[in-house]
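A look at the structure
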Amino acid sequence: MSTDIKIRRIDHVRFFVGNARQSAYFYRNAFGFDVVAYAGLETKVRHEAGYVLRQGEITFVLASPLGKEHPDSQRLILHGDGVQDIALEVDDVEAAYQTAVSRGAAGVREPQILEDQFGVLRIATIRTYGDTLHSFVNRDNYHGVFAPGYLPIDPERYNPATFHPVGLAAIDHIVGNVEEGKMNEWVDFYKRVLGFEQLIHFDDKDISTEYSALMSKVVQNATGRIKFPLNEPARGRRRSQIEEYLQFYGGPGVQHIALLTGDIINTVSAMRKNDVSFLRVPRAYYDMLPERVGAIQEDIEALADLGILVDRDDEGYMLQIFTKPVCDRPTLFFEVIQRRGSRSFGKGNFKALFEAIEREQAVRGTL
Ligand code: FE2
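Residues numbered from 1 in each chain as written. Predicted model: local features only at pLDDT ≥ 70, side-chain atom pairs only at ≥ 80, totals over all residues. Heavy atoms only, no water.

Regarding helix 3 (residues 93–102)
For helix 3, the set of buried residues is Val93, Ala96, Tyr97, Thr99 and Ala100. Close packing links the buried residues of helix 3 with strand 5 (82–90), strand 6 (107–116), strand 7 (119–127), strand 8 (133–138) and helix 4 (183–194). Sitting at the amino-terminal end of helix 3 is Asp92, which places a side-chain oxygen 3.2 Å from the backbone nitrogen of Glu94. Residue Gly104 follows helix 3 closely and has a positive phi angle near 110 degrees. (Buried < 20%, exposed > 50% of the residue type's maximum accessible area, 1.4 Å probe, protein only. Helix = DSSP H or I, 4+ residues; strand = E, 2+ residues; numbered from the N terminus. Contact = heavy atoms within 4.5 Å. Polar contact = N/O pair within 3.5 Å; in protein donor to acceptor, adjacent residues only side chain to side chain.)

Below, the structure is given as structure tokens:
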């Protein structure tokens, strides 16, 4: 069948949060995003406030309800702040929605046309794991700043002198945590409903070790541009970080978003100056690094100072670092990643990382 859904890219990630106005300051001042558009009472939107943030090709939308009658207000009690929608730009919203629903996806919003003086935006929405959504978006005939209801941010709101991008360029991958025993179901969902393929690496084997206590598989779209790893808890020595997430998020959801940079040393230096908290591995990790990954272009001392991790596969290497959770609940966090040939996800770092996460869990009393 030639009915495959033509997905171009991740259009935006929508976060549903308790206080979008304050979250916008966090992502601007800590993560270096520009705040470009706003929706709310002043733009004649009565039910929610929304802020559109941009850096490189990344668009985040932060939304908060303006009253308890907002249809999503209960999700704040259940989940806390988190990712509500990974919106996908498609060639044809109507076809994408009808195809996905005919293949078994749950429809949440039928195809809609949103219109204002800047044109026509098409959107429809299906459900994926937990309360997480995929909207299909097409903005070919829309020329406004984001969507009807949104207007460019009032230039008096943010001082250009206090805006400092940190070099985040694109979304590399978005990871979902699902319940024990459900990973394969969701891998099948992405293959069957959205036409994704499962990514198998040369080194792909059971990664459940005594440390990791998780199972993970990766699906990607036809172009390889969109990658969604899916985790489920596995039985390990300790209570797994995935179980901790599921408990505090109140079910499956987005665990982390990996943001691509072309210069991880500069990006992480800037984010550390902005008081972003990252996980740290012991110094011994860097003593063993040359032997484990061979020659790399970066200065190992600089990586050790910043806490950046390195992993190599047969295509090259990659550098990565993980923030601590960005909410009070131990749920959503971010990864910063730079790729030098490698297309994998840092499996060689799992042991050191999981031990670092377990130290944090011990402090939280959730191990
Ligand atoms: Fe990742």
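Focus on the domain arrangement of the protein chain
The assigned domain composition of the protein chain is domain 1 (7–162) and domain 2 (168–364). Between domain 1 and domain 2, the C-alpha centre-to-centre distance is 25 Å. The interface is formed by 41 residues belonging to domain 1 together with 39 residues belonging to domain 2. With both chains or domains summed, domain 1 and domain 2 bury close to 3,100 Å², and 67% of this area falls on carbon and sulfur atoms. (Domains from an automatic or database assignment. Buried area = accessible area lost by both parts, 1.4 Å probe.)

Structural notes on the pairing of strand 3 (residues 48–55)
Strand 3 sits mainly inside the fold: 7 of its 8 residues count as buried. Sheet topology note: the strand 3/strand 4 (residues 58–65) ladder contains 8 bridges and is antiparallel. By the bridge assignment, Gln55 is partnered in strand 4 with Ile58. Here strand 3 folds back onto strand 4 in antiparallel fashion, the turn holding 2 residues, of which Gly56 has a positive phi close to 55 degrees. (Pairing = 2+ DSSP bridges.)

A short note on the pattern of salt bridges
The final tally for this structure, using the stated rule, is 18 salt bridges. The partner of Lys182 in a salt bridge is Glu185, and the shortest N-O contact between them spans 3.8 Å. Its relative accessible area of 31% is what places Lys182 among the partly exposed residues. Residue class for Glu185 comes out partly exposed when judged on its relative accessible area of 44%. Salt-bridge contacts for Glu244 lead to Arg364; the nearest nitrogen and oxygen are separated by 2.8 Å. Taken together, the positions of Glu244 in helix 5 (residues 241–249) and Arg364 in helix 10 (residues 350–364) put the pair 120 residues apart, joining distant regions of the chain. We classify Glu244 as buried; its relative accessible area is 2%. Assessed through its relative accessible area of 33%, Arg364 is described here as partly exposed. (Salt bridge = Lys/Arg side-chain N within 4 Å of Asp/Glu carboxyl O.)

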